[in-house]
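The residues making up each chain are set out below.
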Amino acid sequence: MMRLCAVLLVSLLGGLVSVHAAVAPHPHWSVGYHRMSFLDPLDSQPMKAIAFYPSTGREHISQVGAYRVAATEDAKVAIGRFPLLMLSHGNTGTPLALHDLATSLARKGFVVVAVLHPGDNYKDHSRLGTLSNLYGRPIQISAAITAALGDAMLSPFVNVDQVGVIGYSAGGETALILAGAKPDFERLRRYCQERPEDRDACTTKGELVVDRDDLQPQADSRIHALMLMAPLSLMFGRHTLVDVHVPVLLYSGDGDKLVAVDKNAAALARKLPQPPDFKLLAGAGHFIFMAPCDDEQLALMPALCTDADGVDREGIHRDLISEAGRFFGRTLGQHSRAGMQTADQ
């Protein structure tokens, strides 16, 4: 999904460069970020992620590619053990498009690891539409959890018993598989017969490229909560969701023209064994969950930055961030300060 993002986001993510700039003080934590590299479990090639975490360092803005991100590279980690949240982006996307959510949750006391999925990101589409991408993305998230728990900088400050996943668009599909869902390919075929005009989901008429026959959907028992935003979930029926027993916070916009709400989020809300906290945003489109754009981004990618009349992206993000903090605090628990020391980098 979201091939449109590939065209419009390709100019947005380059190297990581830190630029100091003062921002308003916060009464508790600032945010640090830490670049991670580990092996893609599909082909043993390097893959990347950025971890955002609570910090006691000075507040400032970093320029991360074309994104101005409220975090400092490798700043001091705050005292404590913090819940771990994994962020899975949409097809052909980048997790930095949701940087405000990641940094805001870090400020609230979470470590957020934003994974760039190999073969399915803004500059590499080599696995798009394949079985290895569908089943490989969740395996990549599991590998990223293991990498974070073993990272020399992060591991002393992460609680292995408090892990959740944030999934946007195709990342929602990834998150559901991690929680025990099993895709039903016949549902995709039927959907594409009913709606062949969906050029994004049905380019190959509902048939995935079987490039690997050794992969299966793999759940991860370390995951205890999901936040899903505009999830691609049409391949999951009631019977394929029976093993999903974690709490779910579910968002979608009723103006989404890319991922049909009736066949995805709304259907998912009815079929999950444990009813989710479902919030349907009036007038909001698929890209409402991306961080509010600055003037330069608006000029570069108006389709991703422009919302319908009357839709307040900044207000929606304030509410969404607040709800996400409450949800994960309730379902995963709060951070612990027992026996910890502040890290000096």
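Residues numbered from 1 in each chain as written. Predicted model: local features only at pLDDT ≥ 70, side-chain atom pairs only at ≥ 80, totals over all residues. Heavy atoms only, no water.

A. Up close: the state of the cysteines. Under the criterion given, the structure shown has two disulfides. Linked covalently through their sulfurs, Cys192 and Cys202 form a disulfide whose S-S length is 2.1 Å. A torsion of -85° about the S-S bond marks the disulfide between Cys192 and Cys202 as left-handed. Of the two residues, Cys192 is situated in helix H5 (residues 185-194) and Cys202 in the loop between H5 and strand S10 (223-229); the sequence distance between them amounts to 10 residues. For Cys192, a relative accessible area of 7% puts it in the buried group. (Disulfide = S-S within 2.5 Å. Helix = DSSP H or I, 4+ residues; strand = E, 2+ residues; numbered from the N terminus. Buried < 20%, exposed > 50% of the residue type's maximum accessible area, 1.4 Å probe, protein only.)

B. Focus on the pairing of strand S12 (residues 277-281). With five bridges connecting them, strand S11 (residues 248-253) and S12 associate as parallel partners. Looking at S12, one finds that Leu249 is bridged to Asp277. Tracing the backbone out of S11, into helix H6 (residues 265-271) and back to the parallel element S12 gives a crossover that is right-handed. (Pairing = 2+ DSSP bridges. Right-handed = clockwise from strand over helix to strand, strands pointing away.)

C. How the structure looks around the layout of surface pockets. Its boundaries defined by the atoms lining it, the largest pocket holds a volume of some 490 Å³. Lining the largest pocket are 18 residues, with Ala70, His99, Asp100, Thr103 and Ser104 positioned closest to its centre. Secondary-structure elements contributing two or more residues to the lining of the largest pocket are strand S5 (67-69), helix H2 (99-107) and helix H9 (313-332). A per-element tally of the lining of the largest pocket places H2 first, with five residues. Taken together, the residues that form the lining of the largest pocket break down as seven nonpolar, five polar and six charged. (1 Å grid on protein atoms, 1.4 Å probe; cavity = no way out; pocket = protein on both sides within 12 Å on 5 of 7 lines; lining within 4 Å. Points joined across faces, edges and corners; volume = space filled by probe spheres on them. Nonpolar A, V, L, I, M, F, W, Y, C, P; charged D, E, K, R; others polar.)

D. Region of the structure containing helix H4 (residues 170-178). Judged by how many residues are buried, H4 sits mostly within the fold: nine of nine residues are covered. For H4, every residue scored as buried is listed here: Ala170, Gly171, Gly172, Glu173, Thr174, Ala175, Leu176, Ile177 and Leu178. If you follow the buried residues of H4, they end up packed against strand S7 (82-88), helix H3 (131-150), strand S9 (158-168), S10 and H6. Immediately beyond the C-terminal end of H4, within one or two residues, lies Gly180, with a positive phi of roughly 120°. (Contact = heavy atoms within 4.5 Å.)

E. Representation of the packing of H2 against H9 within the structure. Between H2 and H9, whose axes approach to 10 Å, the crossing angle comes to 45°. In terms of their interaxial angle, H2 and H9 are classed as oblique. In this structure, the crossing between H2 and H9 has a hand that is right-handed. Contacts between H2 and H9 involve Asp100, Leu101, Ser104 and Leu105 on the former and, on the latter, His317, Leu320, Ile321, Ala324 and Gly325. A breakdown of the residues in the contact of H2 with H9 according to their chemical character gives five nonpolar, three polar and one charged. (Axes fitted to C-alpha atoms, helices over the stretch in contact; angles between N-to-C directions. Parallel < 35°, antiparallel > 145°, perpendicular 65-115°, else oblique. Left-handed = near helix turned anticlockwise from the far one by under 90°.)

F. Structural view of the sheet that holds S7. Across the sheet, nine strands lie side by side as S6-S2-S3-S8-S7-S9-S10-S11-S12; this open sheet has mixed pairing. At either end of the open sheet lies a strand with only one pairing partner, and these are strand S6 (72-73) and S12. Pairing of S7 with strand S8 (residues 111-116) involves five bridges; the strand directions are parallel. The residue bridging Leu87 from the neighbouring strand is Ala114, located in S8.

G. Structural detail: the packing of H3 against H4. Packing of H3 against H4 brings their axes to within 9 Å, and their N-to-C directions diverge by 70°. By the angle class used here, H3 and H4 are roughly perpendicular. In this structure, H3 contributes Leu134, Arg137, Pro138, Ile141 and Ser142 to the contact, and H4 contributes Ala170, Gly171, Glu173, Thr174, Ile177 and Leu178.

Bear in mind that shape data such as this cannot, by itself, settle questions of function.
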